[in-house]
Amino acid sequence: MAAGSAIQIPSRLPLLLTHEGVLLPGSTMRTSVDSPRNMQLVRSRLLKGTSLRSTIIGVIPNTSDPTSDCDDLPSLHRIGTAALAVQVVGSNWPKPHYTLLVTGLCRFQILQLLKEKPYPVAEVEQLDRLEQFTNQHKSEEELGELSEQFYKYAVQLVEMLDMSVPAVAKLRRLLDNLPREALPDILTSIIRTSNQEKLQILDAVRLEERFKMTIPLLVRQIEGLKLLQKTRKPKQDDDKRVVAIRPNRRINHIPNTTEDEEEEEDHDDVVMLEKKIRTSSMSEQALKVCLKEIKRLKKMPQSMPEYALTRNYLELMVELPWNKSTKDRLEIRAARILLDNDHYAMEKLKKRVLEYLAVRQLKNNLKGPILCFVGPPGVGKTSVGRSIAKTLGREFHRIALGGVCDQSDIRGHRRTYVGSMPGRIINGLKTVGVNNPVFLLDEVDKLGKSLQGDPAAALLEVLDPEQNHSFTDHYLNVAFDLSQVLFIATANTTATIPPALLDRMEIIQVPGYTQEEKIEIAHRHLIPKQLEQHGLTPQQIQIPQVTTLDIITRYTREAGVRSLDRKLGAICRAVAVKVAEGQHKETKPDRAEVGEGEDCKEHVTEDAKTESISDTADLALPPEMPILIDFHALKDILGPPMYEMEVSERLSQPGVAIGLAWTPLGGEIMFVEASRMDGEGQLTLTGQLGDVMKESAHLAISWLRSNAKRYQLTNASGSFDLLDNTDIHLHFPAGAVTKDGPSAGVTIVTCLASLFSGRLVCSDVAMTGEITLRGLVLPVGGIKDKVLAAHRAGLKRIIIPRRNEKDLEEIAVNIRQDLTFVMASCLDEVLNAAFDGGFAVKPRVERLNSKL
Ligand code: ADP
């Protein structure tokens, strides 16, 4: 090493202690400096020093500098590398530190540590001296051989690398130009070696030793590279492979590589698919399309996105029940029994369903209307649909249409779209696997409309018996015969069903249930079902009818029975816990017996209570079977009652009346409140009212103003002009719900009459009816639901328009018996019935006197 011999490092060197990485002579390293001693070294030697000498430092590997400068120096690695600091970069973030770029010059060994602070300085001896080796003749031959061997490996390694990279080409040149003795250090720092290995090379002061130790590292690297190239090879061929697939197939080449096998497997799948298509019973048109598609598929490389798309399409086509159907087993008598067994009440609905089925039995290919059950939620519409499927022995599939606003939901997306798929009808057919299921189109009244087209229009085609034998889903793009499918629709209201759709359907109203019907439904169907679901038996739990009535009146207020069902479920869950706990504790002594002596009296008087799980003293004990659910137990399980009979309380002031409203969720009672104040004759209406309701309010005011004298109604200042210096505010509570419709007219009149006369409306009276300007009462809809709602709320007298009298026939006799109906044809009759003692045309002497 001619250059090496010229290097004379100072005999005293400041020491930079490093922990990460090992600097070998001839290589360059970047190191971060942040410990106090090292920082000090950089500051005072490198940054302040001006001579070249001052940039030479000793780098001691494998020795971490203490984090504080008060700490003692750790024992230093004996051998280090004298290095030239080429670059210093300082930074304050995230904490003050320097980054040093250092180039290794030669090895040195520490002879003596001269000082430790502010940074260590040592007296050193330079180890790499060329003369030393050339003088040792004995080892020279051996070394020559070693270095030759080493050189060969080094060249082999470098040639395995990509010569087009400039750094590699440079390295190749260096191999020839550098003295051989420098190579071990340089190559060790280039190839993949651990710090430990680098340290060993650093410590190998004798050149021979260094060569010997480096050769295995080189061999290892060469082997590693060979392995890497082997695994990479197939990848390099990837592009070629894709191209190769087609020629291979065409010439029926016998494959022998694994990739070819995979390919062949896929090919087999395609052949199978083709076989399935040919043997399936699809229509001629569909078969033609499928065969064309499979031809395309065969020619298509698998990597094409269209390959998967076409394959999915063909698989769906094969799966569709083109010709597969279940056999109808229709027997009207059995159907009647099944319907009766599954559902209590709903006579009208069951009758119509049986008629429908009977006609089907007589004339098989019925192109009848689509049945549409319309009624509040939870009255059993879906469940009747399911029963129909059961009676016919058909598959049942429910298609929820609520919120569907894209016609491709019904009719599918064209296959050109990414992620395209068939519509719900075709999907349903694929799910049930037969072409004659019962499809329940749930919530047709909640179809939306959007830019993506009108789903109702798509449904028209599905439901029209004249068209649906060739229904074309956009995804399938061939016609599918839907004429065997039995469609049944459900809705909460007909108001929002698009008229064209409504025209295709036969509406069957399913009104809400009376309390008695609900009790029967609960005891015949809901309770047994809940018990079964919770693994309970009637020997473990008993729910008497009064309790059911309590749940119905105080915990639910609905037309159907869904909430009731949920509450019964909650009770069953609570009891299941008790029963399970009881089974667990059966072996424990019965505390009730011990307590009986002390608390005997209470036990006798509250006999029923001790049995129920409401008795907190008993909660921890195995409850006696069956657990009786009484009102106390109800309160424990369901919490305090949600609905109380609050009607009479709210009617304790003038200016409040009860109306009856119809909503898609069934009938509701509705309070109307009015108040008056000084003002300029304005009418304020609140409670989210629709336009029709606002008109009713204006009509009511006008009628009252024109009849004020007759009824002796005056405003606060005694004037018959009710709006003179007076503002009126009418409020319809439950402000979050939009209300509209003409049927509140009579209620508004009554409410205002009460306000201006100062008299209370009877607390048990409810009313409904449209009014005219001349004071006539016109008929309104939804009488049955409204009457049921009034009955649920515990009201006794109901004022309805005379022309609605015929609607009362639909109402069960027992309900009619509970109520008094007042038929009104004009507002006089309404007012007379709404106030105790009538609302006769009477002068209110006292008040008038005081004003005079
Ligand atoms: P809808 O479709 O009208 O909203 P569902 O058919 O889902 O209501 O009925 C809710 C639950 O009430 C179901 O468990 C159903 O069995 C039960 N149910 C409703 N009406 C009756 C009835 N008349 N007899 C027996 N169970 C009923």
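Described in the following lines is the structure provided in the data block. (Residues numbered from 1 in each chain as written. Predicted model: local features only at pLDDT ≥ 70, side-chain atom pairs only at ≥ 80, totals over all residues. Heavy atoms only, no water.)

**Focus on the overall build of the protein chain**
- A count of helices and strands for the protein chain gives 35 helices and 24 strands.
- In the protein chain, which comprises 852 residues, the proportion classed as buried is 46%.
- In the protein chain, once contacts between residues fewer than 6 apart in sequence are set aside, the share between residues at least 24 apart is 73%.
- Roughly 43,500 Å² of accessible area belongs to the protein chain as shown, and the carbon and sulfur atoms make up 51% of that amount. (Helix = DSSP H or I, 4+ residues; strand = E, 2+ residues; numbered from the N terminus. Buried < 20%, exposed > 50% of the residue type's maximum accessible area, 1.4 Å probe, protein only. Contact = heavy atoms within 4.5 Å. Areas by Shrake-Rupley, 256 points an atom, 1.4 Å probe, with all protein chains shown as cover.)

**Considering the sheet that holds strand β9 (residues 438-442)**
- Sheet architecture is open: five strands sit in the order β8-β9-β12-β7-β13, paired in parallel fashion. Each edge of the sheet is formed by a strand with only one pairing partner; in this case those strands are β8 (396-400) and β13 (505-509). Taking each pair of neighbouring strands and ignoring which way they run, the sheet shows an average axis angle of 25°.
- As judged from the four bridges shared by β9 and strand β12 (residues 486-491), these two strands associate in the parallel manner. Paired with Leu-441 across the strands is Ala-489, a residue of β12.
- Relative to β12, helix α15 (residues 381-392) is tilted by about 165°, and along the sheet it contacts β7 (370-374), β8, β9 and β12. (Pairing = 2+ DSSP bridges. Axes fitted to C-alpha atoms, helices over the stretch in contact; angles between N-to-C directions.)

**Considering the nonpolar core**
- Among the nonpolar cores identified, the biggest contains 51 residues, and Val-353, Leu-357, Phe-373, Ile-388, Ile-571 and Ile-629 are the most heavily contacted of them.
- In terms of residue count, helix α22 (residues 562-585) provides more of this core than any other element does, seven residues in total.
- The next biggest cluster of nonpolar side chains, apart from the first, holds 50 residues, and it includes Leu-314, Val-374, Ile-399 and Val-485. (Core = buried A, V, L, I, M, F, W, Y, C linked by side-chain atoms within 4.5 Å.)

**Description of the site of the ligand**
- As a matter of local geometry, the ligand sits amid 17 residues, with Tyr-344, Gly-378, Lys-381, Thr-382 and Arg-562 nearest to it.
- Taking Tyr-344, its main chain carries an N or O atom lying 2.7 Å from a nitrogen atom of the ligand.
- Taking 550 Å² as the accessible area of the ligand by itself, protein coverage stands at 88%.
- Looking at the shell around the ligand, the elements with two or more residues in it are α15 and α20 (515-533).
- Tallied by class, the residues present in the shell around the ligand amount to seven nonpolar, six polar and four charged.
- The two domains that each donate at least three residues to the shell around the ligand are domain 3 (332-509) and domain 4 (513-579 + 623-644). (Near = heavy atom within 4 Å. Polar contact = N/O pair within 3.5 Å; in protein donor to acceptor, adjacent residues only side chain to side chain. Nonpolar A, V, L, I, M, F, W, Y, C, P; charged D, E, K, R; others polar. Domains from an automatic or database assignment.)

**Topic: the environment of His-343**
- By the secondary structure assignment, His-343 is in the loop between α13 (332-342) and α14 (347-362).
- Taking the relative accessible area as the measure of exposure, His-343 reaches 7% and is therefore buried.
- Considering only alpha carbons, one finds His-343 and Val-384, 41 residues apart in sequence, at a separation of 7.7 Å.
- Not counting chain neighbours up to four residues away, the residues in contact with His-343 comprise Lys-350, Gly-380, Ser-383, Val-384, Ser-387 and His-525.

**Describing the pattern of salt bridges**
- As enumerated under the stated definition, the model contains 32 salt bridges in all.
- A salt bridge links Asp-342 to Lys-390, with the nearest nitrogen and oxygen atoms 3.4 Å apart. Of this pair, Asp-342 sits in helix α13 while Lys-390 sits in helix α15, and the two are 48 residues apart along the sequence.
- Overall, Lys-390 belongs to the partly exposed group, its relative accessible area being 45%.
- In the salt-bridge network here, residues are joined through shared partners; they are Glu-293, Arg-296, Glu-306 and Arg-415. (Salt bridge = Lys/Arg side-chain N within 4 Å of Asp/Glu carboxyl O.)

**Here we look at a negative patch on the surface**
- A cluster of acidic residues, Asp-69, Asp-71, Asp-72 and Glu-116, forms a negative patch at the surface.
- Take Glu-116: it is sitting in the loop between β5 (97-115) and β6 (121-126). (Patch = residues over 30% accessible without salt bridge, like charges linked within 9 Å, V, L, I, M, F, W, Y side chains within 5 Å. Lys, Arg positive; Asp, Glu negative; His and termini not counted. Charge placed at Lys NZ, Arg CZ, Asp CG, Glu CD.)

**Looking at the pairing of strand β24 (residues 820-824)**
- Burial analysis of β24 places four of its five residues in the buried class, which makes it a mostly covered element.
- Inspection of the sheet shows strand β23 (residues 797-801) paired to β24 by five bridges, in the parallel sense. Within β24, the position partnered with Ile-798 by the bridge is Phe-821.
- Chirality of the crossover, the property in question, places the unit of β23, helix α33 (residues 813-818) and β24 among those that are right-handed. (Right-handed = clockwise from strand over helix to strand, strands pointing away.)

**Remarks on the pairing of β7**
- Of all the five residues making up β7, five are buried; the element is thus mostly covered by neighbouring parts of the structure.
- Bridge count between β7 and β13: five bridges; the pairing is parallel. Opposite Cys-372, over in β13, you have Ile-507 as the bridge partner.
- Sheet topology note: the β7/β12 ladder contains four bridges and is parallel.

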